[in-house]
Amino acid sequence: MTDSKYFTTTKKGEIFELKAELNSDKKEKKKEAVKKVIASMTVGKDVSALFPDVVNCMQTDNLELKKLVYLYLMNYAKSQPDMAIMAVNTFVKDCEDPNPLIRALAVRTMGCIRVDKITEYLCEPLRKCLKDEDPYVRKTAAVCVAKLHDINAQLVEDQGFLDTLKDLISDSNPMVVANAVAALSEIAESHPNSNLLDLNPQSINKLLTALNECTEWGQIFILDCLANYTPRDDRESQSICERVTPRLSHANSAVVLSAVKVLMKFMEMLPKDLDYYGTLLKKLAPPLVTLLSAEPELQYVALRNINLIVQKRPEILKHEMKVFFVKYNDPIYVKLEKLDIMIRLASQANIAQVLAELKEYATEVDVDFVRKAVRAIGRCAIKVEQSAERCVSTLLDLIQTKVNYVVQEAIVVIKDIFRKYPNKYESVIATLCENLDSLDEPEARAAMIWIVGEYAERIDNADELLESFLEGFHDESTQVQLQLLTAIVKLFLKKPTETQELVQQVLSLATQDSDNPDLRDRGYIYWRLLSTDPVAAKEVVLAEKPLISEETDLIEPTLLEELTCHIGTLASVYHKPPSAFVEGSRGVQHKRLPVRAGSGESSESPDASQPVGVVADTPPAVIPSQGDLLGDLLNLDLAPPTSSGPPVVPSMQMGAMDLLGGGLDSLMGDESETLGGDIGGSPAMGGGLASAPAAVAPSLGAPANSGLDMLFDLGGSVGMPSGSFVVPKAVWLPAMKAKGLEISGTFARRGGVLQMEISLTNKAMSVMTDFAIQFNRNSFGLAPAGPLQVLTPLSPNQTTEISLPLSTVGPVMKMEPLNNLQVAVKNNIDVFYFSCQYPISILFVEDGKMERQVFLATWKDIPNDNEAQFQIKDCHVNSDTATSRLQTCNIFTIAKRTVEGQDMLYQSIKLTNGIWILVELRVQTGSPGCMMSVKCRAPEVAQLVFQCYEMVLKTSSDA
């Protein structure tokens, strides 16, 4: 009878009966009882009450019974640590048992019992097992060191186990070597900077010798370890490749991928003109092809890895196109991946074969697959120029099928073909226009609108086609609305006399009836361009477009390098670096491919020469960005304005005016003139446009030496009161999340010194000591200027106040939000992490008062697009109170002017990294609110400046 009988019992009073059986004198009965206990434990029943009775069964020579007891012990030791100590003597005794299986079993169980109290008792038995005469015991003990390190790293280091592990790499048994490598790799991952695996040619030779004889998983550990080694020269690299190549024919796909990873990495070191380089390329293709005959799940993993390999070295699989052809019974995820690789391998030599296959796929029943196949045809046209005509012809055939989703995808890709080959295939536009009514997907509608707008002069009824889209303008998606706006403006610039009414209609819909800021802004820009300078409008809107690139979805080169170093892992399946999906410190080491010495090949990354984690000596003065223009914008405003003489104010261009009006010039009063409707288009544009709506009519300021100068003579500076504004303390880290430590605090700037004012409260039962603090990289380089000084131990229910000085020369990284600060605080209990937000006012420096002429020139110089407007509601202050209060935060009033009972304050602020912020504050006496305009070359800071004003002015009004 099988062991399934142990899972069928449903008796009541079972625990009591089991207890009696466990204490029976009969060995067989005792074994049966332990099996029942393990069965109950397996199905989730709580049998921890039997702990002492089960532990008593450890004293036996029966190996099966001992295994069962150890299994129970591993499961319940953590919930019964005091009881688990009873088992220590048996462990020690079993580690000296003549049977190596029992010695190994004891040491394996010791490593799995995660109880701090027991670990120190286990050091001596473990030391003996690491030097045991039997290799089976040694290999088990090697893995136990890694488990013990996870529980108590310090203990492992103090006991010298790491050195013993390193010695095991030279062991005569290959499985011991493999397990020692696996254990050291595991430990090294949690300590990235420790040089545990000190690989040199001698140790590499030992690993390669063990590689041939150990089990498949042992081979994977050794291969992964080899992948972290950088050979000294191409000869050593070739030697390693030659000894790793036989692993490519292994039956286990994981071993194959690990071998491919090592070879891909070491190939970087080989000269391309070497005969062996070509041989190696040929040897890599067959094992990858073989992986595609496995089950679908393995195929998918192989395909994701092949996708990376093809991007890095397409020559490996360039002759293997047929294996990537889709089979009828492939799951959709395999089909889509194969399709992607087919396009990457497409070339002039095989394009006919690929197109015939893709056309076949486009008639399949799976909608997602058909869509991707149609897009693939378009991508082939863009990649292989000689095939473009054939691709367009294939797409037209597909459009004739009138299958809705096929037609829509075809139109989207034809748009891209037009971009790649202008003035070549426009004859097909008539066919596209016939299918206009069937388009219901935003991307397809947007593509068709782009085609109509771009080639409006070739389409007789272009205005009618676009007007049909305009009827349901507000029901369209944003993508379609934006495209429609641009297309109608293009049409107007090409056929002004016929479409003036149409363009006014779309501009009105975009600017006055829309809630979408992107659409509104684009509408205002077009309206202003058309009404002020039609020639410039033509140059901007009808500018020649750059040709689109061949491969738009290639992985960025530095990321591709890193992913190549992670072939055969999850990173290669996700196509993301480990740091993107692994939490904590493990697995976030950035790996790079080696560069062949003397090859002249430079790394993709500009700072590749600098080791990872090393901060440059000179911190960046601006906020670096990832994928946006912020860094570039800020670079324009690094130096403070000089006041050596009045700057030259550039003559104002029509096109550079404030689109939304209300700028500095419009405050000049009588000297300004208003732009009227007579500045419309030239006669060539069909009699001119109606003027922009009143809300957006800008004004031309008086010459810079009249009204503007007069403005800055009206108001003087206000005295500097002492004392600065400090935000009240807030709880940053509640005690329940930090094992009893509550951290609250605020930020202040006093006498030019930045301070983090922290309150530490001990709400635990034990004393806290050894405090330290560290900041993550942040937008403005904030870093502690000294240690966190808690001079005396923090007793239970005690609070201590600390003022930590800060500097702004730390490493810089753009955060979201910009003023976010990630902090780690360590004490004798643990390390705790939290985020807080600092008020931007602590970065306002004391020398932030601009000269008036410099203020005027800078305001003019900063683009109007960088101006942000805010309203501060429920704020009862007059201009003098506002000036006085803001001065305490280093916000300096340059000038003051009163117009129709409204005080206008012009103020300047300078940040610690040299960025200047200009503000116009409008205060209406007796009105419960203020309006402010903020101009800065880094518009991202405007929101934080507004929050600062709101906090300071509301606090002053509440007081």
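From a predicted model like this one, the values you see are computed outputs, not experimental measurements. (Residues numbered from 1 in each chain as written. Predicted model: local features only at pLDDT ≥ 70, side-chain atom pairs only at ≥ 80, totals over all residues. Heavy atoms only, no water.)

Novice: Let's hear about the overall build of the protein chain: which residues, and what values?
Specialist: Helix and strand content of the protein chain: 37 helices and 15 strands. Burial status across the protein chain gives 51% buried among its 959 residues. Restricting the contact set of the protein chain to residue pairs at least 6 apart, pairs at least 24 apart contribute 68%. Summed over its atoms, the accessible surface of the protein chain is roughly 44,500 Å², and 50% of this surface lies on carbon and sulfur atoms. (Helix = DSSP H or I, 4+ residues; strand = E, 2+ residues; numbered from the N terminus. Buried < 20%, exposed > 50% of the residue type's maximum accessible area, 1.4 Å probe, protein only. Contact = heavy atoms within 4.5 Å. Areas by Shrake-Rupley, 256 points an atom, 1.4 Å probe, with all protein chains shown as cover.)

Novice: Can you lay out a nonpolar patch on the surface for me, pointing to particular residues and giving the numbers?
Specialist: Side chains of L570, Y574 and F581 sit close together on the surface and give an oily, nonpolar patch of about 280 Å² of accessible area. Note on placement: Y574 falls in helix α32 (residues 570-574). (Patch = residues over 30% accessible without salt bridge, like charges linked within 9 Å, V, L, I, M, F, W, Y side chains within 5 Å. Salt bridge = Lys/Arg side-chain N within 4 Å of Asp/Glu carboxyl O.)

Novice: Can you tell me about the sheet that holds strand β13 (residues 902-910), naming the residues and giving the values?
Specialist: Taken in spatial order, the five strands of this open sheet run β11-β15-β14-β13-β12, and their pairing is antiparallel. Since the sheet does not close on itself, it has two edges, and those belong to β11 (867-873) and β12 (892-899), each with one partner. Within the sheet, the average angular offset between the axes of one strand and its neighbour, ignoring direction, is 20 degrees. Its contacts with the sheet place helix α35 (residues 852-861) against β11, β12, β13, β14 (916-924) and β15 (929-936), and it is angled at close to 95 degrees to β14. Strands β12, β13 and β14 of the sheet are contacted by helix α36 (residues 879-887), whose axis makes an angle of about 10 degrees with β13. (Pairing = 2+ DSSP bridges. Axes fitted to C-alpha atoms, helices over the stretch in contact; angles between N-to-C directions.)

Novice: Go over the pattern of salt bridges with me, naming the residues and quoting the values.
Specialist: One pass over the structure, following the stated rule, counts 29 salt bridges. One salt bridge connects D132 with R103, and the closest N-O pair in it is separated by 2.8 Å. Residue D132 is found in the loop between α8 (116-130) and α9 (135-151), and its partner R103 is found in helix α7 (residues 100-112); the two are separated by 29 residues along the sequence. Through salt bridges with shared partners, a single ionic network connects R371, R375, E409, E441 and E443.

Novice: Account for a negative patch on the surface, with residues named and values stated.
Specialist: A surface patch of negative charge is lined by E464, E467, E471 and E501. With respect to the helices and strands, the residue E467 is situated in helix α26 (residues 462-470). (Lys, Arg positive; Asp, Glu negative; His and termini not counted. Charge placed at Lys NZ, Arg CZ, Asp CG, Glu CD.)

Novice: Tell me what's going on with the nonpolar core, and back it up with residues and numbers.
Specialist: Among the nonpolar cores identified, the biggest contains 202 residues, and Y72, L126 and F418 are the most heavily contacted of them. The residues touching L126, leaving out its near neighbours within four places in the chain, are V107, M110, A141, C144, V145, L148 and F161. (Core = buried A, V, L, I, M, F, W, Y, C linked by side-chain atoms within 4.5 Å.)

Novice: Account for unusual backbone geometry, naming residues and giving values.
Specialist: With an omega of -5 degrees, the peptide bond between E816 and P817 qualifies as cis. With respect to the helices and strands, the residue P817 is situated in the loop between β8 (799-807) and β9 (820-826). Of note in this structure, N797 is not a glycine but carries a positive phi near 65 degrees. Counting through the fold element by element, N797 comes out in the loop between β7 (783-784) and β8. Located in the positive-phi region is N890, a residue other than glycine, with phi close to 65 degrees. For N890, the location among the structural elements is in the loop between α36 and β12. You can call N890 buried: its relative accessible area is 10%.

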